[in-house]
Amino acid sequence: MPKRSITDPEIGLIKAMLARNMKNKDIQFYFNRQERAVNSGRITQIRDKSYGPEVPEASEEELDLFLSTFKPAAIGAVVKSFGPPAQETAEERARALFELRGRSGWFLKTHESEATECKERFCLKPENRFADPLRSIAGLANNKGGFVFFGVKELPDGSLNVVGLRDEAFSLTDPAELNRCLAGSMSPVPVFSMFSLGFDGLKVGVIHIEKHDLPPIVAIKNVNNEFREGAIYFRYVGETRTIKPGELHQIIANREQRAIAEFSNRMSRVAMGAAATLDLDTGKVEGRVGSFTIGEELLPKIQFIREGQFAEKAGSPTLRLIGDVEAGSGKATVVRDNVTSDAVIRNFLNNVEVKEPRQYFLHSAHSSREWQPIWYYLRQARLSAEEGIELMRKEDASYRSHRDAVISRLAGKKSAYNINQGKPKQLVAAFARGEINDPADISSAHKIALAVQGIPDGQKDVSRFESLLLKCYDFSVGETSQHRNLRSAVFRAACRIDEILYRNE
């Protein structure tokens, strides 16, 4: 058989595009190169299965990643760039670590390093089966951060082969569930994100761990023999082990330098009148231009938050000071509010005009939930997307990855739009015909929420879906994995409605 000019991965992507009813001329744009043209007839042959019939169709995830990372300059087009280049996402950096080795399949390009570790299987419960990944996560966070890959097997020759995950356990795991596991096993809690990569039908689960701002992260309980209470783990090349004296000394030295710098900066701000001091005995907050007093009944209840260590806990809301504090005769009045994710989504779906829209907008940077409506509150605050980006960049985020995700959404680089296969995709078609039915139970509510994520920009009467999502959200009250998965689906669906209704206003 003569060698084909179009590679197998390209054929798989073209098949996926054809399945989305993309036109031949639109598909040509992605594959024409200066040294090789792909004509419309060749695409028709792929459609008719007379060219590359044995090549499997690319997955939805692979096609979405290809479209989102496609660079026209790579095929000879000249694209003028204004401003700094876009930063690579964690997904892009993770995928770049793998390569296709002919018929042997996909492999990690190198051996395990100080930034990568591979596991063949993923099992969060029971906890003792997750002890080894706990070591890896703590070790990576104490070093420079990195990736833990699940569904990658080490072969006898030491190479790391993508074998894929055997079940959907990783895909069905709510990040909040993993966060609770980490919070109960180590302190402080690392910042992480979860996503999946597709390689010719094989799925690899990825946990991306960020370098922690204030290491060391210490194990606070025993989990099997692999994870020991009081241990500090560190990721070295090819292994995670208890930290050596040299690396521990460096961590301590960095903390001391940072503490001295922060203290000097705060004292300078107080001296210049740019900051105030709080007397914990009297509750008096005093600055250069005035002062106010926090009442004795409230002072013991205030929770002080270390930057990057915020965690939402049921029954223990953290007070955040918003609004203006004005000094006058007698005690000052302090306007306080407790912005929660529940308030963010309910006020959005009910079209409530909130008193402090900026705080609702900024809440995404302090919540463990990434997907939350932003455009609706940006409009209420009378801010443009550019002003929203600047405001979010200045925010001392408790979840930096969530803040960065909001900035990407505001910049048009990320969207809540997500096509889910099966029943949700059928519901999207029904929505287009005007067939919209209320959820009957938690299962149907979940399918409706997944379907709303895939509503196209041209959908009519989008505002009707607000009341529909509110009914779906009411089914999510509970703490089972089914309830948590429904909440996650509803929040992302609400973000899809949010961007369709308010993004271009």
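Structure report, in brief. Quick caveat, the model's predicted, so the values are computed rather than measured.

**Concerning the overall build of the chain**
Now for step 1: Looking only at helices and strands, one finds 17 helices and 17 strands in the chain.
Now for step 2: Considering the chain as a whole, with its 505 residues, one finds that 43% of them fall into the buried category.
Now for step 3: Surface accessibility of the chain: about 27,300 Å² in total, with carbon and sulfur atoms responsible for 50%.

**Topic: the pattern of salt bridges**
Now for step 1: If you walk through the whole model with that rule in mind, you get 27 salt bridges.
Now for step 2: For Arg166, the salt bridge identified is with Glu120, shortest N-O distance 4.0 Å. With a gap of 46 residues between them, Arg166 in the loop between strand 6 (160-162) and helix 7 (175-183) and Glu120 in the loop between strand 3 (116-119) and helix 6 (131-142) connect regions that are remote in the sequence.
Now for step 3: When its relative accessible area of 65% is taken as the criterion, Arg166 is described as exposed.
Now for step 4: Across the pair Glu168 and Lys203 runs a salt bridge, and its minimum N-O distance is 3.7 Å. Remark: Lys203 occurs in strand 9 (residues 202-209) and Glu168 occurs in the loop between strand 6 and helix 7; sequence separation between them is 35 residues.
Now for step 5: Residue classification places Lys203 among the partly exposed positions, given a relative accessible area of 26%.
Now for step 6: Put simply, Glu112, Glu117, Lys119, Asp132 and Arg235 are held in one network by salt bridges that share partners.

**As for the packing of helix 1 (residues 8-19) against helix 2 (residues 24-31)**
Now for step 1: Running from N to C, helix 1 and helix 2 cross one another at 150°; their axes reach a closest spacing of 11 Å. Taken as axis vectors, helix 1 and helix 2 run roughly antiparallel relative to one another. In terms of crossing hand, the pair formed by helix 1 and helix 2 is right-handed. The residues of helix 2 that touch helix 1, namely those facing Glu10, Leu13, Ile14, Met17 and Leu18, are Asn24, Ile27, Tyr30 and Phe31.

**Topic: the nonpolar core**
Now for step 1: Core analysis: the largest hydrophobic core is formed by 53 residues, its most contacted members being Phe361 and Val452.
Now for step 2: Ranked by size, the runner-up nonpolar core spans 27 residues in total, among them Phe122, Ala141, Met186 and Ile217.

**A closer look at the sheet that holds strand 8 (residues 192-199)**
Now for step 1: On the basis of which strands lie adjacent, the open sheet formed by 4 strands has the order 3-4-9-8 and mixed pairing. In this open sheet, the two edge strands, each paired with only one partner strand, are strand 3 and strand 8. On average, each strand axis in the sheet is tilted by 20° relative to the strand beside it, whichever way the strands run.
Now for step 2: Against the sheet, helix 7 makes contact with strand 8 and strand 9, and its axis sits at roughly 130° relative to strand 8, the strand it touches most.

**As for the pairing of strand 12 (residues 239-242)**
Now for step 1: In terms of strand pairing, strand 11 (residues 233-236) meets strand 12 through 4 bridges, oriented antiparallel. Paired with Phe234 across the bridge in strand 12 is Arg241.
Now for step 2: As consecutive antiparallel partners, strand 11 and strand 12 are separated by 2 residues, and within that stretch Gly238 has a phi angle of approximately 80°, a positive value.

**A look at the environment of Gly145**
Now for step 1: With respect to the element layout, Gly145 can be found in the loop between helix 6 and strand 4 (146-150).
Now for step 2: The sequence separation of Gly145 and His208 amounts to 63 residues, and the corresponding C-alpha distance is 7.7 Å.
Now for step 3: Residues contacting Gly145, with those up to four places away along its chain left out, are Glu114, Ala115, Leu140, Ile209, Glu210 and Lys211.

What counts and how
Residues numbered from 1 in each chain as written. Predicted model: local features only at pLDDT ≥ 70, side-chain atom pairs only at ≥ 80, totals over all residues. Heavy atoms only, no water. Helix = DSSP H or I, 4+ residues; strand = E, 2+ residues; numbered from the N terminus. Buried < 20%, exposed > 50% of the residue type's maximum accessible area, 1.4 Å probe, protein only. Areas by Shrake-Rupley, 256 points an atom, 1.4 Å probe, with all protein chains shown as cover. Salt bridge = Lys/Arg side-chain N within 4 Å of Asp/Glu carboxyl O. Axes fitted to C-alpha atoms, helices over the stretch in contact; angles between N-to-C directions. Parallel < 35°, antiparallel > 145°, perpendicular 65-115°, else oblique. Left-handed = near helix turned anticlockwise from the far one by under 90°. Contact = heavy atoms within 4.5 Å. Core = buried A, V, L, I, M, F, W, Y, C linked by side-chain atoms within 4.5 Å. Pairing = 2+ DSSP bridges.

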